[in-house]
Amino acid sequence: TSPECIEFEISTQSDVMYAIQNSVPSVNKNINPIGSASEVDVPLTFAHALTLLEFNVELENDKYNHPEGNGDVNGYSIDKITIAKNSTAEVPLYSGGTLNAVNGTLTPKGDVESMTVKCKCDAKKNKIKTYLLLVPTQPDDDEYIFSFHLNDVVLNSVFHLKKAHLRHGDSAEYG
């Protein structure tokens with residue numbers, strides 16, 4: 001109902017964005033949309049409010065071993081991911097929140113122990129790339145544990161997120 005309170009749920013995996021210029025009162029505030037020009041430039045630079053995690057999975061065997069022959073594994077995908085907090089985790093895991101698109105602030109809500117979400121996946125031969133949107137936090141090593149659902153079957157192995165996985169390039173910034 002307002003650009004200052006846009007609700008979102010992580011379960012929908014829908015990104016939320018805001019225009020950086022909205023937080024500066026002098027930018028884009030005095031534009032006359034019915035001025036003398038037939039076109040009005042409104043410079044907007046959008047920023048993502050949520051964190052995007054990308055998982056790259058490579059299937060060790062690109063052929064399945066079946067009594068009727070070795071078939072190709074094309075068509076396999078990671079369709080869901082379960083994220084859980086380690087029992088000793090101090091970091092929150094939010095299920096949603098609200099975005100103030102005027103100033104770009106997030107108000108997280110729903111600290112949960114775990115959640116399973118459908119995710120976007122790009123599969124080519126034996127390589128699967130999967131994306132997951134989350135509310136930004138600052139986890140330490142092993143605080144989040146991920147389980148992957150390969151064509152609705154939960155894989156036996158899990159992935160423990162390390163702080164080093166969240167490093168911004170070569171910088172000293174993480175998250």
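The structure this text deals with has already been given above.
Residues numbered from 1 in each chain as written. Predicted model: local features only at pLDDT ≥ 70, side-chain atom pairs only at ≥ 80, totals over all residues. Heavy atoms only, no water.

Caption draft 1: Molecular detail of the pattern of salt bridges. Using the criterion set out here, one finds 7 salt bridges in the structure. Notably, a salt bridge pairs K124 with D122, separated by 3.5 Å at the nearest N-O pair. Classification of K124 as exposed rests on a relative accessible area of 57%. Overall, D122 belongs to the partly exposed group, its relative accessible area being 33%. Across the pair D142 and K162 runs a salt bridge, and its minimum N-O distance is 2.6 Å. One end of the pair, D142, is in the loop between strand 12 (127–134) and strand 13 (144–150); the other, K162, is in the segment after strand 14 (153–160), and 20 residues separate them in sequence. The class for K162 is partly exposed, based on a relative accessible area of 32%. Bridged by salt links that share partners, the residues K85, D111 and E113 form one connected network. (Salt bridge = Lys/Arg side-chain N within 4 Å of Asp/Glu carboxyl O. Buried < 20%, exposed > 50% of the residue type's maximum accessible area, 1.4 Å probe, protein only. Helix = DSSP H or I, 4+ residues; strand = E, 2+ residues; numbered from the N terminus.)

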